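Chain and residue survey
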Amino acid sequence: MRHAVRALHSCVLRRLQVQVQLDLPLKASVTPATRWCRRMFSDEAHATHLDRGEVVARVLDVVKTHPKADPTKVTESASFQDVGLDSLDTVELVMSIEEEFAVAIPDAVADKISSCPEAIEYIASHPSAK
């Protein structure tokens, strides 16, 4: 009897179909937190590079928010010196970029990053940047 009940239970579960409907707003707001979740947990995030446009925007945001940088001078082609940063500020900025994209930039490479284009190129070509 117990075997028959288990078999019937198993059969019913295999045939049972449940409709699931998600009640999401028509236009979900995209916040930094949702972008972070998509980057961290999407299947394709681990196999592909970040979108270059996103890299440019995020690198420029990091540079603009540095306390000693002049945000009005920050452009995609600006050097860190052009925006008012000295060598110590550049080291701090590269560390901020590492934090923003969750990457470790080797010292030998970090020493060579002295402009927005160089930082953008490194991050855009780094496969594990998030």
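Structure shown above.
Cut-off values and rules
- Residues numbered from 1 in each chain as written.
- Predicted model: local features only at pLDDT ≥ 70, side-chain atom pairs only at ≥ 80, totals over all residues.
- Heavy atoms only, no water.
- Axes fitted to C-alpha atoms, helices over the stretch in contact; angles between N-to-C directions.
- Helix = DSSP H or I, 4+ residues; strand = E, 2+ residues; numbered from the N terminus.
- Parallel < 35°, antiparallel > 145°, perpendicular 65-115°, else oblique.
- Left-handed = near helix turned anticlockwise from the far one by under 90°.
- Contact = heavy atoms within 4.5 Å.
- Expected span 1.5 Å × (residues − 1).
- Buried < 20%, exposed > 50% of the residue type's maximum accessible area, 1.4 Å probe, protein only.
- Patch = residues over 30% accessible without salt bridge, like charges linked within 9 Å, V, L, I, M, F, W, Y side chains within 5 Å.
- Areas by Shrake-Rupley, 256 points an atom, 1.4 Å probe, with all protein chains shown as cover.
- Salt bridge = Lys/Arg side-chain N within 4 Å of Asp/Glu carboxyl O.

Where helix 3 (residues 52-64) contacts helix 4 (residues 87-101), the two axes come as close as 10 Å, and the packing angle between them is 135°. On the basis of the axis angle, helix 3 is oblique to helix 4. Crossing geometry of helix 3 relative to helix 4 is assigned as right-handed. For the pair helix 3 and helix 4, contact is made by Val55, Arg58, Val59, Val62 and Val63 and by Leu93, Ser96, Ile97, Glu100 and Phe101, respectively.

Next up on the list: helix 3. Every α-helical turn comprises 3.6 residues, leaving residues that sit three or four positions apart pointing alike. Helix length check: helix 3 (13 residues) gives 18 Å between terminal C-alpha atoms against 18 Å at 1.5 Å per residue, within 8%. By the burial criterion, the buried members of helix 3 are Val55, Val56, Arg58, Val59, Leu60, Val62 and Val63.

With that settled, consider a nonpolar patch on the surface. On the surface, Leu88, Val91 and Met95 cluster together into a nonpolar patch covering about 290 Å² of accessible area. Relative to the helices and strands, Met95 is located in helix 4. By relative accessible area, which is 45% here, Met95 ends up partly exposed.

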